[in-house]
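One letter stands for each residue in the lines below.
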Amino acid sequence: MKIRPDIVQVYRDIHSWVGILCGLFLFVAFYAGSITMFEKSLQNWLTPASSLPPPVKIENTPELLQKALAEYPEAGRHYILVVNPDRAQPARLMWPQDPTHRGHGPQDFVLAALSPDGQLVTAARRPSEIPFFIDLLHEQVGLPLPHTMARYFMGCVALAYFLALVSGIIAFLPALKKMLFAVRLNTGARKVWLDLHNLLGFFSLPFHCVIALTAAVFAFHEPVFIVQGKLFQSMQSVGQGPAHGHKSPENSKTRNEMALVGKEMPLSPSLLLATLQQQAPGFVADTLEYTAQRGKGKGGLTLRVAGHDARYPMRGATNGFVMVDPASGKILSADYLPGHQSGGLAVLTAFFALHFGSYGGLPVRWGYYCLGVGGAFLFYTGNRLWILARLRREHSATTLSRQTRGTWVLSCLMTGCITGCMTGIALLFLCAPFLPLGGTYGQASVLYYAAFVLCMALAFSLGERLREPMLFCLAGLVNVAVAPVLLVSALFTGSVTLTGLCIAAITLLLGAFLLYSVKRSGCRIAV
């Protein structure tokens, strides 16, 4: 494809400058985001085993619930029945200590079980918060700012990221046929990094476009909904239609039905699950979340069932949802039930699922993990290319071998940020077995940002020849150290798990690769 050289140069400049401004934020977002593909598994692995008696059988849940509500009446406002208990949710019955808390994040729960002689046993606990910290690191592109402010900043980075993708493809089009599969390993450093950057960027382009657009929507959806609500309200005030596009007669009927449920005795969990299975075959329920409706015109219970169906995209990162009548087991709203949605809502769910990787089961999650790590490497190669190009221009313009202050600052930021992120996350896994409760959010923040600041300080303190070898060696050693520590800890406690073995293997491979690159001087900047 032929494009005028001056136009290609404009798009190349846009791609370079947008990339260098956003590349470090995107590296943190992608590196941490690849790990969050297994957030639930990590939480189960990191959360210490509970001392509660074993969960009661699902058929005996009514007895447990009756005793718990008799002793803790406030639990009736909002409680959860766990269909398949695990280490993060080890009890059949649990309720939040703060019933007003909503959304994803750290939360204290009261867990309830029955002793062998039928006595109620309760314990307050919170699952490990390290996976949540890594997820927030991904959402906030590594910035320790208030969540709303960081989310808007992330949205701006995502929009700039999409601009960099478009401009990069246009700049690459003239050389597409000749350079697509070229990886010139025996040439200069700049050509090696350029070929790797082009190869990764072109073949993962659809994935990156989806991530960029969905991230921007996630960041700005609240302001958009506010404007949309005001717009429809103004249209309604002049008689031009309903106040919101979703307020259809069918949805009003569903809300009326939901307002009337719960005035009869709820079904037992086993019978309710059997009734739900008949209506939605293939949907596997994970939790039954009951909420008491209070206020004028409200009464009884509402029930939201969270679960999964690997055959269809899911609205949440790990679950779909369905509103059910607790008294009859009838589905009241299937707006977010995988495989039972209307066309418009199915498209919206697919939009979310493409970002979360919440479809296709474990193979898709591993695919997203590899694409996430590859994306982080893509941004690293892009930043390195920019610095190499700057060094070439500076060396050709002057006889001095010293780089300018701007290039030096960006080189230090690149090395410090990348090694700080890898070292900090590895340090979390290294220390997690020794932290109480599997690590709190505060402990995770201190460990990660201490490692990050240390790497940044070393990047600006060390000379050019020592900076990258020492910092990449540090990141490699910390990652390598994770494997023996986890294995020894697992053998000592007798809790060897597949998740722990996978973490040990991945960190060992990553650490070995970083140390090998230092030995071969593969990470030293050279023109």
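See the structure printed just above.
The structure displayed is predicted, hence computed values, not measured ones. (Residues numbered from 1 in each chain as written. Predicted model: local features only at pLDDT ≥ 70, side-chain atom pairs only at ≥ 80, totals over all residues. Heavy atoms only, no water.)

**Notes on the overall build of the protein**
Line of reasoning, step 1. Looking only at helices and strands, the protein features 16 helices and 8 strands.
Line of reasoning, step 2. A total of 527 residues make up the protein; the buried ones form 46% of that total.
Line of reasoning, step 3. Taking contacts inside the protein between residues at least 6 apart in sequence as the whole, the part at least 24 apart equals 69%.
Line of reasoning, step 4. Summed over all atoms, the accessible surface of the protein reaches about 26,200 Å², with 66% contributed by carbon and sulfur. (Helix = DSSP H or I, 4+ residues; strand = E, 2+ residues; numbered from the N terminus. Buried < 20%, exposed > 50% of the residue type's maximum accessible area, 1.4 Å probe, protein only. Contact = heavy atoms within 4.5 Å. Areas by Shrake-Rupley, 256 points an atom, 1.4 Å probe, with all protein chains shown as cover.)

**Brief notes about the packing of aromatic side chains**
Line of reasoning, step 1. Overall, the coordinates contain 29 aromatic pairs when judged by the stated rule.
Line of reasoning, step 2. Plain terms: the ring middles of Tyr152 and Phe220 are 6.0 Å apart, the flat faces sit at 5 degrees to each other, and that makes the pair stacked. Of this pair, Tyr152 sits in helix 5 (residues 147–172) while Phe220 sits in helix 8 (residues 205–237), and the two are 68 residues apart along the sequence.
Line of reasoning, step 3. Classification of Phe220 as partly exposed rests on a relative accessible area of 23%.
Line of reasoning, step 4. Ring centres 6.4 Å apart and planes at 35 degrees place the aromatic pair Phe352 and Phe356 in the tilted group. Here Phe356 and Phe352 lie together in helix 11 (residues 343–356), a separation of 4 residues that amounts to about one turn.
Line of reasoning, step 5. One aromatic cluster is present, formed by Phe30, Tyr161, Phe207, Tyr359, Tyr368 and Phe379 through successive ring pairs.
Line of reasoning, step 6. Over the face of the ring belonging to Tyr152 we find Arg151, whose NZ or CZ atom lies 5.2 Å from the ring centre.
Line of reasoning, step 7. Note that Arg315 overlies the ring of Phe352, its terminal NZ or CZ placed 3.6 Å from the centroid. (Phe/Tyr/Trp six-rings, centres within 6.5 Å; stacked < 30°, edge-to-face > 60°. Lys NZ or Arg CZ within 6 Å of the ring centre and 35° of its normal.)

**Structural notes on the environment of Cys412**
Line of reasoning, step 1. Here Cys412 lies in helix 13 (residues 405–431).
Line of reasoning, step 2. For Cys412, a relative accessible area of 0% gives the class buried.
Line of reasoning, step 3. Separated by 45 residues in sequence, Cys412 and Ala457 place their C-alpha atoms 9.2 Å apart.
Line of reasoning, step 4. Excluding its chain neighbours within four sequence positions, the residues that come into contact with Cys412 are Ala459, Phe460 and Arg467.

**Details of the side chain of Asn479**
Line of reasoning, step 1. Turning to its location among the elements, Asn479 is positioned in helix 15 (residues 464–493).
Line of reasoning, step 2. When sequence neighbours within four positions are dropped, the list of residues in contact with Asn479 reads Tyr31, Met422, Ala426, Thr507, Leu508, Leu510, Gly511 and Leu514.

**Thoughts on helix 4 (residues 130–139)**
Line of reasoning, step 1. The buried fraction of helix 4 amounts to 8 of the 10 residues, a majority that puts the element mostly inside the structure.
Line of reasoning, step 2. Within helix 4 the residues assigned to the buried category are Ile130, Pro131, Phe132, Phe133, Ile134, Asp135, Leu136 and Leu137.
Line of reasoning, step 3. Within two residues after helix 4, Val141 carries a phi angle of roughly 45 degrees, on the positive side.

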